[in-house]
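# Coordinate analysis (summary)
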Amino acid sequence: MFEWLEPAALIVIAGLLACSGIRSWRSKKPIVKWGGAGLAALASVIAFSISVLLTIGLFKLHARSAPGVDLKIAGTAEQIRRGQTIADSFCSGCHTRTDTLTGGGDLGKDISLPIGSFIAANLTPVGQLSRWSDGDIFRAIRNGVDPDGRWLVIMSYTNAGKLSDEDTKAVIAYLRSLPALGEKTINPADRLTPLGIAMLGAGMLPTGKPVSTEHVTAPPEGPTSRYGEYLISYQDCRECHGKDLTGGKPGQLAPLGPDLNVVKGWKFQEFVATMRTGVDPNGHTLGNQMPWQPIGRMEDDDLRAVYEYLTHLPAA
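First, a word on scope: everything that follows refers to the structure included in this document.

Reading the values: the criteria
Residues numbered from 1 in each chain as written. Predicted model: local features only at pLDDT ≥ 70, side-chain atom pairs only at ≥ 80, totals over all residues. Heavy atoms only, no water. Helix = DSSP H or I, 4+ residues; strand = E, 2+ residues; numbered from the N terminus. Buried < 20%, exposed > 50% of the residue type's maximum accessible area, 1.4 Å probe, protein only. Contact = heavy atoms within 4.5 Å. Areas by Shrake-Rupley, 256 points an atom, 1.4 Å probe, with all protein chains shown as cover. Lys, Arg positive; Asp, Glu negative; His and termini not counted. Charge placed at Lys NZ, Arg CZ, Asp CG, Glu CD. Phe/Tyr/Trp six-rings, centres within 6.5 Å; stacked < 30°, edge-to-face > 60°. Lys NZ or Arg CZ within 6 Å of the ring centre and 35° of its normal. Expected span 1.5 Å × (residues − 1). Bend = angle between axes of the 7 residues up to and from the residue. Polar contact = N/O pair within 3.5 Å; in protein donor to acceptor, adjacent residues only side chain to side chain.

Looking only at helices and strands, one finds twelve helices and two strands in the protein chain. When the helices and strands of the protein chain are read in sequence order from the N terminus, they spell out α-α-α-β-α-α-α-β-α-α-α-α-α-α. Based on the C-alpha atoms only, the size of the protein chain along its principal axes is roughly 85 × 45 × 35 Å. Counting over 316 residues, the protein chain shows a buried share of 44%. A separation threshold of at least 6 residues defines the contact pool for the protein chain, and within that pool the share at least 24 residues apart is 68%. In the form shown here, the protein chain has an accessible surface area of approximately 16,800 Å², with 60% of it arising from carbon and sulfur atoms. Across the protein chain, the 31 positively charged side chains and the 31 negatively charged ones have centroids separated by 12 Å.

Okay, the packing of aromatic side chains next. Tallying each qualifying case throughout the model produces six aromatic pairs. With 5.7 Å between their ring centres and 40° between their planes, Tyr227 and Tyr230 make a pair best called tilted. Residue Tyr227 and its partner Tyr230 are located together in helix α8 (residues 225–234), separated by three residues, close to a single helical turn. One aromatic cluster is present, built from ring pairs that chain together Phe90, Tyr227, Tyr230 and Tyr234. A cation over a ring is seen here: Arg304 above Phe268, with NZ or CZ 3.8 Å from the ring centre.

With 19 residues, helix α3 (residues 77–95) should reach 27 Å at 1.5 Å per residue; the first-to-last C-alpha distance of 23 Å falls well below that figure. Considering bend angle alone, the principal kink of α3 is centred on Ala87 and spans about 50°. Residues Gln79, Arg82, Gly83, Thr85, Ile86, Ala87, Ser89, Phe90, Cys91, Ser92 and His95 constitute the buried set of α3. Each element contacted by the buried residues of α3 is listed here: α6 (165–177), α8, α11 (292–296) and α12 (300–310).

Another point: the side chain of Thr185. Its place among the elements puts Thr185 in the loop between α6 and β2 (190–192). The buried category is assigned to Thr185, whose relative accessible area is 17%. Reaching out from Thr185, the side chain makes a polar contact with the backbone nitrogen of Asn122 at a distance of 2.9 Å. Among residues more than four places away in sequence, those in contact with Thr185 are Thr102, Gly103, Gly104, Ile119, Ala120, Ala121 and Asn122.

This part takes up unusual backbone geometry. Each neighbour pair has its own omega, and for Asn187 with Pro188 the value is 5°, a cis peptide bond. Its place among the elements puts Pro188 in the loop between α6 and β2. Phi is positive for Asp236, which is not a glycine, with a value near 65°. Note that Asp236 resides in the loop between α8 and α9 (237–241).

Structure representation (structure tokens):
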């Protein structure tokens, strides 16, 4: 409710400025008449325009929805093992700062503009998930919407929704197996600043990946290019490295990543070493914004699959 006060206040300010401009226009002094009226009119238009952008942004902020999911995970040993593999190599990139998946880090600090704070949630039983159903967690992963219908902004920007149904269930099984660790994180975790809301209203921020109710399947696991393509699809590589993995473009929200065709000149063991040490074959240290540590936790066959896919990319 309070978030609507800012656009309302700006509308009032715009009205007051317009009234001030009218009074200035009635003045007999040319400087007051033209200067005062002109400045008041300009300020009124700016205030009104910002209020419109904030209003549109707030509507967009609350517009995302996704159907509920009726689901109960068996939580088998194999599901937990598979879920841990995915969580270690993917989820931990945002949700592990100290202890495993205890969250707490502000992902907004990695964004070049102050559009908001986005606190990675504690995914252990200390956090909100202990009160969510399995279906609630599935919906949050797949479509970035929480049980209260709130838009999970950063979650919807990731490609977590491209995890297969079975892999998503495995992640949930693993999360259910975790011990309670760390501190509670704030809820809601995502809070846009007025600048972020205005940018959302102006269409300068994405509204998240499209909501999907389709079943998602994965190819057979193995050290193949086809399976590597699947791993790349949810690992968010394209957010930084571009849709064709040929390098990011200036102005994108995510950090700029280089052309991944460079991997074609590396041996497999050099690629593995790069992902597990953060130093490439040329001695270049990967930046802190590159999630090489979680990716390096992939099993050897998974890294081989990613390597096979990257080394068979079409020529740039």
